[in-house]
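Coordinate inspection notes
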Amino acid sequence: MTDHHQTNIMTLTRYVLEEQRQHPDATGDLTVAMNSVQLGCKFVESCVRKARLVNLVGLAGNTNVQGEDQKKLDVLSNEMFVNALKASGKFSFMVSEEVDDIIFVPESLRGKYCITFDPLDGSSNIDAGVNVGTIFGIWRLPSGPRATIDEILVPGSEIIAGGYCMYGSSCNLVLTFGNGTVEGFTLDPAIGEFILTHPDIRIPPKGKIYSVNEGNSMYWDDATRSYFDSVKYPSPESGLKPYSARYIGSMVADVHRTLLYGGVFAYPADRKSRSGKLRILYESFPMAFIIEQAGGRAITGTQRVLDLVPTHIHDRCPVFLGGTEEIAQVEAAFASHA
Ligand code: AHM
Ligand code: MG
């Protein structure tokens, strides 16, 4: 009889453990830290799946069956992440999109890392059942439990791990530790484990899709306009076909597609939003890190995203990310309009 069950599976926890064993001074701290991230993602995944039903129940007066006020999903997701991350004992402080101030961990639970995260990115899409996601970045704090926020207001290239989890038709977690590989895991709901399904993801150097909120185009600068014109109206001599447009409006989903299929995703600066929309510490940096580790590039138009140094925890920056050929063209457009 043939056994159709795979019995030697690479779970996310096993992957992180094996990754850590490569380092002679590894303590297992990152494995524990990542377990708390995984828990947060599984919790959000289960909430996203139930959101509709829970809301329907909540319609009778906006309270749930226990008579408590319904919490919005982004607030709930944030609380879950904060509690799980604190309990791991591996982080000294964290930055969440949902919280204005730095979140300090009680002294007895501090560790050597900092984590920045957006617990439920794209949450405005949730009522339409569109993909949403969690984005996170992890920093090593040179002063450990005594670290101050200055230790993460450094160039993005100092980040040690970046990842996102997409709550879509399946639940996918994509992760890199900066060793030149990006791995994709899929949640197996039957056993509650993330399984390695997309090993060593490489972004194609050139793709066929552009992804940007075209509704902002009347505010774009000339460089941005000329780049997007060039992908839509290739010169007849080039023999190239125009790119296809895809814009979900959920960064995790738009970046995930760009990573797998190639092309360019952008949230540029414009006359209305001088620094674009995306937040440096928990949106731009982790995504730029992942894209670079997968062989692509991420720039603001004129500068590498990972060379930026934020001054405030919620700072924003313009982002163009994608395959090397697309980003070279973006760079050329900005250079010729400088
Ligand atoms: P959010 O963090 O408030 O959800 O906003 C971030 C989201 C990204 O997921 C997405 O790329 C972008 O906002 C879409 O913005 P817009 O609707 O302006 O195109
Ligand atoms: Mg966000």
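Treat the numbers as computed from the prediction; the structure is a model and nothing was measured.

Reading the values: the criteria
Residues numbered from 1 in each chain as written. Chains lettered and ligands numbered in written order. Predicted model: local features only at pLDDT ≥ 70, side-chain atom pairs only at ≥ 80, totals over all residues. Pairing = 2+ DSSP bridges. Helix = DSSP H or I, 4+ residues; strand = E, 2+ residues; numbered from the N terminus. Contact = placed C-beta atoms within 7 Å. Axes fitted to C-alpha atoms, helices over the stretch in contact; angles between N-to-C directions. Near = placed C-beta within 6 Å. UniProt positions renumbered as here; feature names shortened; annotations may be inferred. Buried ≥ 20, exposed ≤ 12 C-beta atoms within 10 Å, placed from the backbone. Parallel < 35°, antiparallel > 145°, perpendicular 65-115°, else oblique. Left-handed = near helix turned anticlockwise from the far one by under 90°. Nonpolar A, V, L, I, M, F, W, Y, C, P; charged D, E, K, R; others polar.

**Side note on the sheet that holds strand β6 (residues 171-176)**
On the basis of which strands lie adjacent, the open sheet formed by eight strands has the order β2-β1-β3-β4-β5-β6-β7-β8 and mixed pairing. The outermost strands of the open sheet, each flanked by one partner alone, are β2 (103-104) and β8 (193-198). Pairing of strand β3 (residues 113-121) with strand β4 (residues 132-140) involves seven bridges; the strand directions are antiparallel. Its bridge partner lying in β4, Ile 115 is registered against Ile 138. Together, β1 (91-96), β2 and β3 form the strand contacts of helix α3 (residues 73-87), whose direction differs from that of β3 by roughly 160°.

**Concerning the site of ligand 1**
Inspection of the region around ligand 1 gives 13 residues, with Asp 121, Gly 122, Asn 213, Gly 249 and Met 251 positioned closest. Looking at the shell around ligand 1, the elements with two or more residues in it are β3 and α5 (251-261).

**A word on the UniProt feature "domain: Fructose-1-6-bisphosphatase class 1 C-terminal" (unreviewed entry) in the protein**
Those places that UniProt annotates as "domain: Fructose-1-6-bisphosphatase class 1 C-terminal" (unreviewed entry) correspond, in this numbering, to residues 203-333. Counted over residues 203-333, helix gives 35% and strand 12%. Its end C-alpha atoms are 22 Å apart.

**Let's talk about the environment of His 314**
Mapped onto the secondary structure, His 314 falls in the loop between β12 (297-299) and β13 (319-322). You can call His 314 partly exposed: it has 15 C-beta atoms within 10 Å. When the C-alpha atoms of His 314 and Ser 157 are compared, they prove to be 18 Å apart, with 157 residues separating the residues in sequence.

**Looking at the pairing of β3**
Judged by how many residues are buried, β3 sits mostly within the fold: nine of nine residues are covered. Relative to β3, β1 runs parallel, the two sharing five bridges. Directly across from Val 95, in β3, lies its bridge partner Thr 116.

**Brief notes about the packing of helix α4 (residues 222-232) against helix α7 (residues 324-336)**
Between α4 and α7, the shortest axis-to-axis distance is 8 Å and the interhelical angle comes to 140°. Compared by their axis directions, α4 and α7 come out oblique. Handedness of the α4/α7 crossing: right-handed. Contact residues: α4 offers Ala 223, Ser 226, Tyr 227 and Ser 230, while α7 offers Gln 329, Val 330, Ala 333 and Phe 334. Its residues assigned to classes, the contact of α4 with α7 shows five nonpolar, three polar and no charged.

**So, the sheet that holds strand β9 (residues 209-211)**
Spatial ordering of the open sheet is given by β10-β9-β11-β13-β12, a layout of five strands whose pairing is mixed. The open sheet has two edge strands, β10 (244-245) and β12, and neither has a second partner. Direction of pairing for strand β11 (residues 264-267) relative to β13: antiparallel, over a ladder of four bridges. Pairing of Tyr 267 across the sheet is with Val 319, part of β13.

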